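# Structural description and commentary
Spelled out from the first residue to the last, the chains are:
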Amino acid sequence: MTVTGHDTGTGRGTSAGTGADAGAVRALRGLEDGRPAVRLRAALAVGTTPDPRFVDKLVERCAVEPDFFVRDMLTWALTRHPVSVTLPRLLGEVRSERASARSQALHTLSKIGDRRAWPAITRALLTDADDEVARSAWRAAVVLVPEEEEVALGALLATQLGRGGPETRLSLSRALIALGDAMASALAAAANDPDPRVRAHALATDRLLRDPDAGFTFALEEAKRVVALGAGSGEGGGSGAGSGGSSGEAGEAGEASGSGGAGEASGSGEAGESGGSERPRAVGRSGGEGP
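Residues numbered from 1 in each chain as written. Predicted model: local features only at pLDDT ≥ 70, side-chain atom pairs only at ≥ 80, totals over all residues. Heavy atoms only, no water.

### Remarks on empty space enclosed by the protein
If you walk through the whole model with that rule in mind, you get two cavities of 30 Å³ or more. There is about 30 Å³ of room inside the second largest cavity. Lining the second largest cavity, in full, are Val59, Cys62, Ala63, Leu90, Glu93, Ser100, Ala101, Gln104 and Ala105. Secondary structure elements with two or more residues in the lining of the second largest cavity: α3 (55-64), α5 (83-93) and α6 (99-112). Sorting elements by how many residues they give to the lining of the second largest cavity places α6 first, with four residues. For the lining of the second largest cavity, the class distribution of residues is six nonpolar, two polar and one charged. (1 Å grid on protein atoms, 1.4 Å probe; cavity = no way out; pocket = protein on both sides within 12 Å on 5 of 7 lines; lining within 4 Å. Points joined across faces, edges and corners; volume = space filled by probe spheres on them. Helix = DSSP H or I, 4+ residues; strand = E, 2+ residues; numbered from the N terminus. Nonpolar A, V, L, I, M, F, W, Y, C, P; charged D, E, K, R; others polar.)

This is the structure:
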């Protein structure tokens, strides 16, 4: 980093400028310290005194930072810098071969909320084989999508119903719920899908939409019971999303969730999300999920 001063004729400007640059150098070095607490303080310092020269290092550290809280602070620090500087750098990162780089860049784009980033949210990212990348892409998509493309996004997200573990399914449910009416037809179709995991996930999402206080574990377990009752009755093709307790769903008992039973869905582990609660937070078009 070039050290510059601003001489006022008294020497004070040069001294102040040199001191500020020295502090910036220390902060940037601190981002690579082996101790998470030091990296956290360094990211806070960089975000407190934004400087475009910091952006490349912040983005670089986002891609490799192992500590959740430090990653969260790095994202915050990036949001403190001019979008004209951060946006091009982040758009490059979403094409990275490193999954952690794609995931954190997508999360940061969701926090910045500049819709010029929407074209970068591709089908490949929304269906990425890495669950963390896909979850970040879902959150970014519902924040950035133009109104006229919401229905198409809802249809694409619905193709991912039933994938992954409880945290992944909860993230997808939140993203679909954030789209509101735009995803209604896709969710209703998924509630009649031949795959019991897809069907149960669709029903659980509809349950959360109608009763956010129910919690995802409860909604998923209720959906599993609906599918199991349908299998026992031998009736197929239930009434779809919104039916709640219909026993007309055909399915296989105990397999609706794909990987688990009550108490598994925690909502934690999102890139840049502190998590911990099963209850779906209000997911707005401007803010997405997050800390």
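### Considerations on the nonpolar core
Looking at soluble globular proteins, one finds that nonpolar side chains tend to be buried together. Leu126, Leu153, Leu157 and Leu161 are the most contacted members of the largest nonpolar core, which totals 58 residues. The contacts of Leu157, once residues within four sequence positions are left out, are Leu126, Trp138, Val142, Leu172, Ala175, Leu176 and Leu179. (Core = buried A, V, L, I, M, F, W, Y, C linked by side-chain atoms within 4.5 Å. Buried < 20%, exposed > 50% of the residue type's maximum accessible area, 1.4 Å probe, protein only. Contact = heavy atoms within 4.5 Å.)

### Points about α3
By the criterion of burial, α3 is predominantly enclosed, with seven of the ten residues buried. Inspection of α3 places Val55, Lys57, Leu58, Val59, Arg61, Cys62 and Ala63 among the buried residues, and these make up the whole buried set.

### Remarks on the pattern of salt bridges
Throughout the structure, instances matching the rule amount to 15 salt bridges. Across the salt bridge formed by Glu65 and Arg39, the nearest N and O atoms sit 2.8 Å from each other. Here Arg39 lies in helix α2 (residues 36-48) and Glu65 lies in the loop between α3 and α4 (68-79), a separation of 26 residues in the sequence. The same class applies to Glu65 as to Arg39, namely buried. The partner of Arg102 in a salt bridge is Asp128, with the nearest N and O atoms 3.2 Å apart. One end of the pair, Arg102, is in helix α6; the other, Asp128, is in the loop between α7 (123-126) and α8 (131-144), and 26 residues separate them in sequence. Looking at Asp128, the relative accessible area reads 11%, which means it is buried. (Salt bridge = Lys/Arg side-chain N within 4 Å of Asp/Glu carboxyl O.)

### What about α8?
Between its first and last C-alpha, α8 extends 20 Å over 14 residues, near the 20 Å set by a 1.5 Å rise per residue. Within α8, twelve of the 14 residues are buried, which leaves the element mostly enclosed by the surrounding structure. When α8 is considered as a whole, its buried residues turn out to be Val133, Ala134, Arg135, Ser136, Ala137, Trp138, Arg139, Ala140, Ala141, Val142, Val143 and Leu144. Tucked into the core, α8 has its buried residues touching α6, α7, α9 (150-158) and α10 (166-179). For α8, the capping residue at the N-terminal end is Asp130, with a side-chain oxygen 2.9 Å from the backbone nitrogen of Glu132. (Expected span 1.5 Å × (residues − 1). Polar contact = N/O pair within 3.5 Å; in protein donor to acceptor, adjacent residues only side chain to side chain.)

### Remarks on the packing of aromatic side chains
By the definition in use, this model includes one aromatic pair. Residues Phe68 and Phe69 carry aromatic rings whose centres are separated by 5.0 Å and whose planes lie at 75° to one another, so their mutual orientation is edge-to-face. Overall, the relative accessible area of 18% leaves Phe68 in the buried class. (Phe/Tyr/Trp six-rings, centres within 6.5 Å; stacked < 30°, edge-to-face > 60°.)

### Let's talk about the packing of α5 against α6
Where α5 contacts α6, the two axes come as close as 9 Å, and the packing angle between them is 145°. Crossing of α5 against α6: the hand is left-handed. On α6, the residues touching Val83, Thr86, Leu87, Leu90, Leu91 and Glu93 of α5 are Ala101, Arg102, Ala105, Thr108, Leu109 and Ile112. Among the residues making up the contact of α5 with α6, the classes are represented as eight nonpolar, two polar and two charged. (Axes fitted to C-alpha atoms, helices over the stretch in contact; angles between N-to-C directions. Left-handed = near helix turned anticlockwise from the far one by under 90°.)

### Structural notes on the confidence of the model for the protein
Confidence in the prediction of the protein, expressed as mean pLDDT, is 77, and 66% of residues score 70 or more. Across residues 1-16, where pLDDT falls below 50, the model places 21 contacts with residues more than four positions away in sequence or in other chains. Here residues 232-240 is a poorly scored stretch, pLDDT under 50, and it has 22 contacts once near neighbours within four places are set aside; other chains count. (pLDDT = per-residue confidence, 0-100.)

### Brief notes about the side chain of Arg61
Mapped onto the secondary structure, Arg61 falls in helix α3. Those residues in contact with Arg61, other than ones at most four positions away along the chain, are Leu31, Glu32, Arg39 and Leu74.

### Focus: the packing of α3 against α4
Each pair of packed helices can be described by the angle between their axes along with the distance between the axes. For the pair α3 and α4, interaxial distance at closest approach is 10 Å and the crossing angle is 150°. Between α3 and α4, the angle is such that the two are roughly antiparallel. Handedness of the crossing formed by α3 with α4: left-handed. Of the residues in α4, those touching α3 at Val55, Leu58, Val59, Arg61 and Cys62 are Arg71, Leu74, Thr75, Ala77 and Leu78. (Parallel < 35°, antiparallel > 145°, perpendicular 65-115°, else oblique.)

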